[in-house]
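Chain and residue survey
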Amino acid sequence: MTAHTTLDEIFAALDAVDFPAGKEALLETAQRAGASGEVVRALQEIPAEEYGSREDIARSVRLDPDSDIPRTAGEKGEQARQGGKPGLSQHLRDVPKPPVDEELER
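Residues numbered from 1 in each chain as written. Predicted model: local features only at pLDDT ≥ 70, side-chain atom pairs only at ≥ 80, totals over all residues. Heavy atoms only, no water.

1. Things to note about the environment of glutamate 50
Put simply, the test is: Counting from the N terminus, the helices are the DSSP runs of H or I reaching at least four residues and the strands are the DSSP runs of E reaching at least two. We call two residues in contact whenever any of their non-hydrogen atoms come within 4.5 Å of each other.
Within the secondary structure, glutamate 50 sits in strand E2 (residues 50-51). Each C-alpha atom, one on glutamate 50 and one on alanine 25, is 9.5 Å from the other, the two residues being 25 residues apart in sequence. When sequence neighbours within four positions are dropped, the list of residues in contact with glutamate 50 reads Pro20, Ala21 and Gly22.

2. Focus on helix H2 (residues 23-32)
Put simply, the rule reads: Relative accessible area decides the class of each residue, using a 1.4 Å probe on protein chains only: under 20% of the type maximum gives buried, over 50% gives exposed, and in between gives partly exposed. Directions are taken from the helix axis to each C-beta atom, and the arc is the one they span.
Turning to H2, its buried residues number three or more, namely Lys23, Leu26, Leu27, Thr29 and Ala30. Summarising the axial view, the buried residues of H2 lie within an arc of 165°, below the 170-degree limit, and thus occupy one face. Exposed and facing more than 90 degrees away from the buried side of H2 are Glu24 and Arg32. Along its buried surface, H2 packs onto helix H1 (7-13), strand E1 (21-22), helix H3 (37-44), E2 and helix H4 (54-60). One or two positions beyond H2, positive phi appears at glycine 34, with a value near 75°.

3. Things to note about the pattern of salt bridges
For clarity, the threshold we go by: A pair is scored as a salt bridge if a Lys or Arg side-chain nitrogen falls within 4 Å of a carboxyl oxygen belonging to Asp or Glu.
Applying the stated criterion across every chain yields a total of 4 salt bridges. For aspartate 56, the salt bridge is made with arginine 59, and the minimal N-O distance between the two is 2.5 Å. Within this pair, aspartate 56 and its partner arginine 59 are both found in helix H4, separated by 3 residues, close to a single helical turn. Linked by salt bridges that have partners in common, Glu38, Arg41 and Glu45 make up one network.

4. Digging into the environment of proline 47
Tracing the backbone shows proline 47 in the loop between H3 and E2. Owing to a relative accessible area of 39%, proline 47 belongs among the partly exposed residues under this scheme. In this view, proline 47 contacts Lys23 and Ser60; residues no more than four positions away in its chain are not counted.

5. Overview of the confidence of the model for the protein chain
Parts of the prediction with low pLDDT should not have their coordinates interpreted in detail. Keep this limit in mind: The predictor rates its confidence in each residue with pLDDT, a number between 0 and 100.
Residues with a pLDDT of 70 or more make up 74% of the protein chain, whose mean pLDDT is 79. The low-confidence segment residues 84-89, where pLDDT is below 50, has 5 contacts with residues more than four positions distant or belonging to other chains.

6. A short note on the nonpolar core
Where we set the bar: By nonpolar core is meant a set of buried Ala, Val, Leu, Ile, Met, Phe, Trp, Tyr and Cys residues that side-chain atoms within 4.5 Å join together.
Ile10, Leu14, Leu26, Leu43, Ile46, Ile57 and Val61 are the most contacted members of the largest nonpolar core, which totals 19 residues. Looking at this core, the elements that each hand over two or more residues are H1, H2 and H3. Ignoring sequence-local partners within four residues, the contact set of leucine 26 consists of Leu14, Val17, Phe19, Ala21, Leu43, Ile46, Tyr51 and Ile57.

In structure tokens, the structure reads:
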């Protein structure tokens, strides 16, 4: 599942966290900060490991592919490979074409 939130909302909820921090510490910090249910859900779905920085969290959290956060085509493709919208078959997911395929179509 993906969360309908943004990295900015997640980071705002984790403003008081001391790194390195485990998943439980991140969840507790977000809940104390009054984070929305979507932010908490996004943090509940990350792997239970130690996170050394905000960047580590950004790589682990799964956000809605339609979210408005700026991501590179590679980041969008990685998220699409890991899972798109619930209920969509892999062949129906909107995944950017690799540059090689674009070259071959010319």
